Amino acid sequence: MTPLALPWLLALVLAPAAGALVVARVRAPRRARLVAVLTAGVTLAVAWGVGVVAAWLPAGALLVDPAAPGPGGRPLLGVDALSGPLLVLTAGVALLVALGAPVARDPALLPRVLWATAGTLAALVALDLRLVALLWALSLAPVARTLGGGRARRVFAVTQGLGCACLLAAVGLLAAAGAGAHWPTLRALAAAGGGADHGPLAPAAAALVVVAVAARKALLPLHAWLPATFQVGSPGLAALLLAPQLGTYVAVRLLLEVLPQAARPAVGVLAALALATTLYGALLGLVQRDLRRTLGWLATSHSALVLAGLESGSPEGVAGALCLWLSFGVAVTGLSLAVGAADARFGPVDLRRGAGLGARVPRLGWAFLVLGLLCVGLPGSLAFVSEDLLFHGALHAWPLAGVVVVLAAALNGFVVLRAWFGAFHGPGGDVPEVGDLRPREAAALYGAAALLLALGLAPAGVVASRAAVAR
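Residue indices begin from 1 for each chain and proceed along its sequence in written order. Side-chain atom pairs in this predicted model are given and counted only at pLDDT of 80 or more, local residue features only at pLDDT of at least 70, and totals for whole chains, interfaces and linings cover all residues. To get the side-chain values, all heavy atoms of the structure are used, and hydrogens and water are removed first.

Caption draft 1: The arrangement of the packing of helix H3 (residues 83-100) against helix H4 (residues 109-125) in detail. Direction vectors running N to C along H3 and H4 enclose 180°, while the axes themselves pass 10 Å from each other. The pairing of H3 with H4 is recorded here as roughly antiparallel in orientation. Residue-level contacts link Ser83, Leu86, Leu87, Thr90, Ala94, Val97 and Ala98 of H3 to Leu110, Val113, Thr117, Thr120, Leu121, Leu124 and Val125 of H4. Under the convention adopted here, Pro, Cys and the residues Ala, Val, Leu, Ile, Met, Phe, Trp and Tyr are nonpolar, Asp, Glu, Lys and Arg are charged, and Gly plus all remaining residues are polar. Taken together, the residues that form the contact of H3 with H4 break down as ten nonpolar, four polar and no charged. Angles here are taken between N-to-C directions and fall from 0 to 180 degrees, while the axes themselves are lines fitted to C-alpha atoms, restricted in helices to the stretch in contact. In this description a helix means any DSSP run of H or I spanning at least four residues, a strand means any run of E spanning at least two, and both kinds are numbered starting from the N terminus. Should an angle lie under 35 degrees it is considered roughly parallel, over 145 roughly antiparallel, and from 65 to 115 roughly perpendicular; all remaining angles are considered oblique. The contact rule is simple, with two residues in contact once any of their heavy atoms fall within 4.5 Å.

Below you can see the structure in the form of structure tokens.
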């Protein structure tokens, strides 16, 4: 363990939390957005400094925050080569949402974005699994507040309540096994052959983790909450919940690092559920009528693809999944902001008869198309490189998985094109006169697209760092 020179990780968590308190007190919408963007920008700068250093740490190395001691003198906050880039991703997504999300219908959206950012970042740097489980639950609260009191909120509450309960129970079983709840200690005990991985409670803990991850990742049969959240809630805030993929992160920590032996059957079940969800989500996306719900099914399908690649067991497939983890987070955020911008201007968009929005907002239409194609693997993008690695790794480990990956990617491409033609082309009818993208919206959408294209044209650095983690 290497201590950081300054309490950067503590500052990384406290900055968005303090910003949320300030933004909630600001009444002027423009000033509130300015404070939120500045807060997210500072958070991104700190995350970048920590994440770039952590991304190139050797295997097993850990940067810890000396200002946050835990029980028994063990560090409470730390970052390694897996979690470092996820800090940058989370803070970057928060900046995009703060910059581009419409807030006229929900003035409390910006504080919720910052609270969700603080909770997710804290969960990514927490080393005590009891704290991770608590933050897992708290990071869901800002999204739940945007769902109103209808069916979408009830489905969200049931599925995520089940996931939180299962994760808390799994952590309790691991603690009862005598291994404590500190993931580096658990990993060391499992490697030594005397930890919780070999105890009688380990298989039950692994099964509970699978249920928790399936609920958080919207895997079959616990998938219904994610399309409903995109349809009813804020697409930008839903993207912020989805992009860091906290469920995938916990699955890696617990199933692949802490319980590698006991979790082998569970990992197989999780991989099968992820592959099934990838294909099922792509098929459902082809028949949706509402633009927001189409985005929800596209996100469900592509998010599951990351988990399927991580469970492939091939270094090539795992490296591709780790790269896709990052590219998908940026792309789905940009695409969600584009959908949110269309919804704020025109209301719910019906894809069945051709809404014809492109006649009024051509720049928004092109941004939607580019970001959608970048999300599903446009050649020249980081997603294209990631999916190529993932496909070859999955094909080597399980030929049927490779076929599912290719089929789902092709179907998702059709989903994007169908949504683009249905929303931005066609007769249109009485489309109101509205303005096209504002400068801040254009900066968020085209900035995300430019970043993905730049990383796709020069992917060596990202791929090399993720390949080291995969090995």
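Caption draft 2: Structural detail: the sheet that holds strand E3 (residues 78-79). Two strands pair if DSSP finds at least two bridges between them. The three strands lie next to each other as E1-E2-E3, forming an open sheet whose pairing is mixed. Two strands bound the open sheet, and with one partner strand each, they are strand E1 (2-3) and E3. Both E1 and strand E2 (residues 63-64) contribute to a ladder of two bridges, which runs parallel. Within E2, the residue paired with Thr2 across the bridge is Leu63.

Caption draft 3: Inspection of the side chain of Gln160 at higher detail. Along the polypeptide, Gln160 turns up in helix H7 (residues 151-179). With residues up to four places along the chain from it excluded, the contact list for Gln160 reads Leu140, Ala215, Arg216 and Trp225.

Caption draft 4: Structural view of the pattern of salt bridges. What makes a salt bridge here is a side-chain nitrogen of Lys or Arg within 4 Å of a carboxyl oxygen of Asp or Glu, nothing more. Counting across every chain of the model gives eight salt bridges. A salt bridge links Glu441 to Arg345, with the nearest nitrogen and oxygen atoms 2.7 Å apart. In this pair, Glu441 sits in helix H19 (residues 439-457) while Arg345 sits in helix H15 (residues 315-346), placing the two residues 96 residues apart along the sequence. Here Arg352 ties to Asp350 by a salt bridge, and the two come within 2.7 Å at their closest N and O atoms. A 1.4 Å probe rolled over the protein chains alone gives each residue an accessible area, and that area as a share of the maximum for its type sets the label: buried under 20%, exposed over 50%, partly exposed in between. Its relative accessible area of 54% is what places Arg352 among the exposed residues.

Caption draft 5: Up close: the environment of Ala207. Take Ala207: it is sitting in helix H9 (residues 202-217). Between the C-alpha atom of Ala207 and that of Pro265, which follows or precedes it by 58 residues, the distance is 8.9 Å.

Caption draft 6: View of the environment of Leu63. With respect to the secondary-structure elements, Leu63 resides in strand E2. Leu63 sits 14 residues away from Leu77 along the chain, and the two C-alpha atoms are 8.6 Å apart. Every residue in contact with Leu63, bar those within four places of it in the chain, is listed here: Thr2, Leu4, Leu9, Val53, Ala54, Leu57, Leu77, Gly78 and Val79.

Caption draft 7: How the structure looks around unusual backbone geometry. Cis geometry marks the peptide bond from Leu220 to Pro221; its omega dihedral reads 0°. The topology assignment puts Pro221 in the loop between H9 and helix H10 (225-232). At Gln245, a residue that is not glycine, the phi angle is positive and equals roughly 55°.

Caption draft 8: Looking closely at the nonpolar core. Residues belong to a common nonpolar core when they are buried Ala, Val, Leu, Ile, Met, Phe, Trp, Tyr or Cys residues joined through side-chain atoms within 4.5 Å. The biggest cluster of nonpolar side chains holds 159 residues, and the ones touching the most others in it are Leu87, Leu255, Trp325, Leu357, Leu364 and Phe368. It is H15 that contributes the most residues to this core, 18 residues altogether. With sequence-adjacent residues up to four places away left out, Leu255 is seen in contact with Ala206, Val209, Val210, Val250, Pro260, Ala263, Val267 and Leu270.

Caption draft 9: Examining the packing of aromatic side chains more closely. Any Phe, Tyr or Trp ring, taking Trp's six-membered ring, that has another such ring centre within 6.5 Å forms a pair; planes under 30 degrees apart are called stacked, those over 60 apart edge-to-face, and the others tilted. In this structure the tally under the stated criterion is five aromatic pairs. An angle of 80° between the planes, with centres 5.6 Å apart, marks the rings of Phe156 and Trp225 as edge-to-face. Within this pair, whereas Phe156 is found in helix H7, its partner Trp225 is found in helix H10, the two being separated by 69 residues in sequence. Grouping residues by exposure puts Phe156 and Trp225 together as buried. Between Phe368 and Phe424, the aromatic rings sit 5.6 Å apart at their centres with planes inclined by 45°, giving tilted as the arrangement. A residue pair is termed long-range when its members are at least 10 positions apart, and Phe368 in helix H16 (residues 362-376) and Phe424 in helix H18 (residues 399-424) qualify at 56 residues.

Caption draft 10: Spotlight on the confidence of the model for the protein chain. Confidence scores labelled pLDDT are given residue by residue by the predictor and lie between 0 and 100. When the pLDDT values of the protein chain are averaged, the result is 86; 93% of them are 70 or greater. Mean pLDDT per element in the protein chain: helix H8 (residues 183-192) is the minimum at 43, and H3 is the maximum at 95. Counting interchain partners and residues more than four positions distant, the pLDDT-below-50 stretch residues 184-195 has 23 contacts.

Caption draft 11: Representation of helix H1 (residues 8-25) in the model. Between the first and last residue of a helix there are one fewer steps than residues, each counted as 1.5 Å, and that sum is the expected span. Taking 1.5 Å per residue as the helical rise, H1 with its 18 residues ought to reach 26 Å, and the 26 Å between its terminal C-alpha atoms agrees with that figure. Leu14 marks where H1 bends most, by close to 25°; the proline Pro16 follows one to four residues later. Leu9, Leu12, Val13, Pro16, Ala17, Gly19, Ala20 and Val23 are the residues of H1 that are buried. In this fold, the buried residues of H1 make contact with helix H2 (29-55), E2, E3, H3 and H4. Two axes enter the definition of the bend at a residue: one is fitted to the seven residues ending there, the other to the seven starting there, and the bend is the angle between them.

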